[in-house]
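Reading the structure
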Amino acid sequence: MTKNTHFNWLNALRMGLIGGVVALLISLVGMVEEFSQRDIIAGVITMGQTLLFIAILMAGYFAAGRAAGQPGLNSLPSGALAGLVTAGILAVLVVIIPLLNLRAILPNASPALIRILTFLQESLVVGIFYLLGAGAMIGAAGGLINILPAGIRRAVILALFWVGLLGLLQELLRVTLTNMPQVGAVLSWMFGSRGLSVPGAIAVFVAVAGGNYLWASQGDKVQDRIRAQPPATHRAMRWGSIVVAIAVVLYLPRVLGPYLSDVTNSVGLFILMGLGLNIVVGFAGLLDLGYVAFFAIGAYVMGVLTSSAIGQNAGQIVFGPQLSFWQALPIAVGVSVLFGIILGIPVLKMRGDYLAIVTLGFGEIIRILALSDFLKPYIGGSQGIVEVGEGQIGPVIFNTPQTLYYLIVAGCLLALFISRRLRDSRPGRAWKAMREDEDVAQAMGINLVATKLLAFGTGAAFSGLSGAIFASKIGSIYPHSFSLLISINVLSLIIVGGMGSLPGVFVGALVLVGLPELLREFSEYRLLMYGALLIVMMLTRPEGFWPEATHKREFHEAAASEVAPESAPAS
Amino acid sequence: MAPILTARQVTKRFGGLTAVNNLDLEIQERFIHSVIGPNGAGKTTFFNCVTGFNQPEAGEILLNGHHLERLSPDRITQLGIARTYQNIRLFANLTALENILVGQHPRLKSGMLGAIFNTPGTQREEAKALAEARRLLAFVGLTGKGDHLARNLAYGDQRRLEIARALASKPKLLLLDEPTAGMNPRETEAMTAFIHRLRDELGLTIMLIEHHMGVVMGISERITVLDYGEKIAEGAPVEIQTNPRVIEAYLGREEAEAAGEPA
């Protein structure tokens, strides 16, 4: 934008329009109304309103960011104008819904939406006045955030985010933590009936903002002091944190209770798949869109080998050796690896989009085969396989969410361990070289056939393991569980977390699998949110939430680089 | 003296275009042998035939008596040929050190299981590989830059890293495709001295493509000139400088008659 001191109203107008279109969209798809049943801060602000306010806040923020001249002078009015425009568009919506009977075309343009947008005021005029006022104020607040010094700005944004997140999750947190009476008093003070209480919200805001600001200004000193400790202390600290992490992981299902444990298990199965696809896509750069195939194969092998529903009746299969879970598990993983290699052979010569399309086809072929009448006697067709076996160690049977949790955590840890070891090894380097430049990698003496098949096989192993546990967890398998959407979910979580990054897989799975499970209202808008999140990520943070760090090895001894294991896994 | 690389009647066509035509070439051990020629003369195509990127339609290429024509690039590298590229092709998102470690790939043994269980053998091999990578880093003068991503290195550093990566496979024959392209005179001089060191200290045979005539004439023991895929001259720098066919190829007929010597 031009560098003058004139008030850049055109730009503010543009930002306001963009914000308005976004606000209009989320209102008319029904998100605002749906989410209004949940409060962020009890009695003050609902989640639906929060969504709208975020749109306005962003409009104000960016309008102020583009405002020319000295910062501060024009930022507030720019933000306010942008917010006003955004709110104005919503006001127009409020007016024309009853006038044009919009509800006939847009079912979500309901009287309830009007009530929400006009702050439950009886009179429409007063409501619109409120709406415009709120828009201008929030827009100005967006402008204000923009002109804050960088350190404070980061603290404020982070604090707002945490207030939102805690408010969102209050129901869960309360249910979870009621087992611990010690924290009960704190909780009832912090949370209202729905969402955070006002003092709770203020406390969270102050704590997060203050903590972040302090860490930003003092964190380096603390880190320096830790670094200055003798190696023995370092080792003790590292072991201490490992022990704490293990204790937390072991104790977690008791705290979480059955429902949250089940959610954690779903996340864990996706982490397992994500770690596998991370090897194929993140390390080796082979874009595989049919990854669900190996998940399905693992599940079906587990199902066929352990199912006790044998016979000719409906829902039964003709062949089933009725092996135990532990006998079937390695076979399931082995068969998945075998299929990973078999499906890998035809695509050895393919790259990029061609590879993606062919693997996409493979994924569908496996699903359709599972549905087919041809294989129905063996794998049940659309009726699936029931009575899949359960794992057992001593007295512990893995059939409840809280016991399965340990099985899945063990699987994730194993996959994480293998991924870590492979990442820094000769095969891992060959994968990454191939990802960077396939021709040059081959000219460096890397056997592309072996390297690619190793990647496909390893990826399929993790996915097969995940599928086998999934089959045992659900107890029955149906072809519709293995849709293309699973492949897309796994790929998305890798992209969101950060390609090739192991912690990124955990972050991605928590965000893309965990959050939608926890917030049931989201489920209807899941794909919309996925799409929006992916676009925003690609534009603002293409390397992912937690990108792969480069390894500093030049001045380290080779042995030292292998010692530190990853702490705090599947939470 | 037996040649380390022998090419006999190598022909490579792309559709109707004959990029390399009936080329005979011998490279003597421990020579610095330049291949020059105007743009489109088939120099890089010949490099690609030697390294297995392209399969020649006819003819044979032998490294110490081993046929290379039907082998894949990775096998050829394992036999002892390494190369650099005209437009630098490093593994951009790996660190400098990792680039060199990848270069050592064919000389290392540890596989998947060794990596997962981190066996003592693997640990020893990795430690040795890392030490070797640091040594190569120092050899090309990049000490202290090993942890930088390759794409963040300066242009000259990238060229040298590419050579270090090629050296990591312990080649007998090193193919350099325009090693001084895009360098200023000072960097060019340093690179020339460095190529000499490669031969003198490491005992390598070096075949290079180069456009910079000052470098070619100063560095080469033998020069082969290609034009339209065919060899038009071969000999020591002095012979090439005065060869009328070479002058003609570079300057065109009329200018060649007017001018005495090429630059």
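What counts and what doesn't
- Residues numbered from 1 in each chain as written.
- Chains lettered and ligands numbered in written order.
- Predicted model: local features only at pLDDT ≥ 70, side-chain atom pairs only at ≥ 80, totals over all residues.
- Pairing = 2+ DSSP bridges.
- Helix = DSSP H or I, 4+ residues; strand = E, 2+ residues; numbered from the N terminus.
- Contact = placed C-beta atoms within 7 Å.
- Axes fitted to C-alpha atoms, helices over the stretch in contact; angles between N-to-C directions.
- Core = buried A, V, L, I, M, F, W, Y, C linked by C-beta atoms within 7 Å.
- Buried ≥ 20, exposed ≤ 12 C-beta atoms within 10 Å, placed from the backbone.
- pLDDT = per-residue confidence, 0-100.
- Nonpolar A, V, L, I, M, F, W, Y, C, P; charged D, E, K, R; others polar.
- Domains from an automatic or database assignment.

**Details of the sheet that holds strand β4 (residues 58-63) of chain B**
All names here are of chain B.
- Read across the sheet, 4 strands follow the order β2-β1-β4-β5 without closing on themselves; strand pairing throughout is antiparallel. Each edge of the open sheet carries a strand with a single partner, namely β2 (17-28) and β5 (66-67).
- As paired elements, β4 and β5 share 2 bridges and run antiparallel to each other. Paired with Leu-62 across the two strands is His-67, which belongs to β5.
- Together, β1 (3-14), β2 and β4 form the strand contacts of helix α1 (residues 43-51), whose direction differs from that of β2 by roughly 65 degrees.

**Re the nonpolar core**
- Counting 163 residues, the largest nonpolar core has A:Ala296, A:Val301, A:Ala468, A:Ala509 and B:Ala164 as its most contacted members.
- Filtering out sequence-adjacent residues up to four positions away, A:Ala509 remains in contact with A:Val267, A:Phe270, A:Ile271, A:Gly274, A:Leu493 and A:Gly514.
- Core analysis: the second largest hydrophobic core is formed by 57 residues, A:Leu76, A:Val94, A:Leu113 and A:Leu196 among them.

**Notes on the confidence of the model for chain A**
- Per-residue confidence for chain A gives a mean pLDDT of 86, with 93% of residues at or over 70.
- Model confidence for chain A, summarised as mean pLDDT per element, is weakest for helix α9 (residues 181-190) of chain A at 73 and strongest for helix α19 (residues 448-474) of chain A at 96.

**Quick notes on the interface of chain A and chain B**
- With 29 residues of chain A at the interface, the matching set in chain B holds 37 residues.
- Those elements giving two or more residues to the side of chain A that touches chain B turn out to be α16 (401-423), α17 (426-436) and α18 (438-443) of chain A.
- Sort the elements by how many residues they give to the side of chain A that touches chain B and α17(A) lands first, with 7 residues.
- Residues that form the side of chain A that touches chain B fall into these classes: 12 nonpolar, 6 polar and 11 charged.

**Concerning the domain arrangement of chain B**
Residues and elements named next belong to chain B.
- Once the domains are mapped, chain B shows domain 1 (1-80 + 173-186 + 203-263) and domain 2 (93-170).
- Look at where the C-alpha atoms of domain 1 and domain 2 centre, and you get two points 29 Å apart.
- With 6 residues of domain 1 in contact, the opposing surface of domain 2 contributes 6 residues.
- Its residues placed into classes, the side of domain 1 that touches domain 2 shows 3 nonpolar, 3 polar and no charged.

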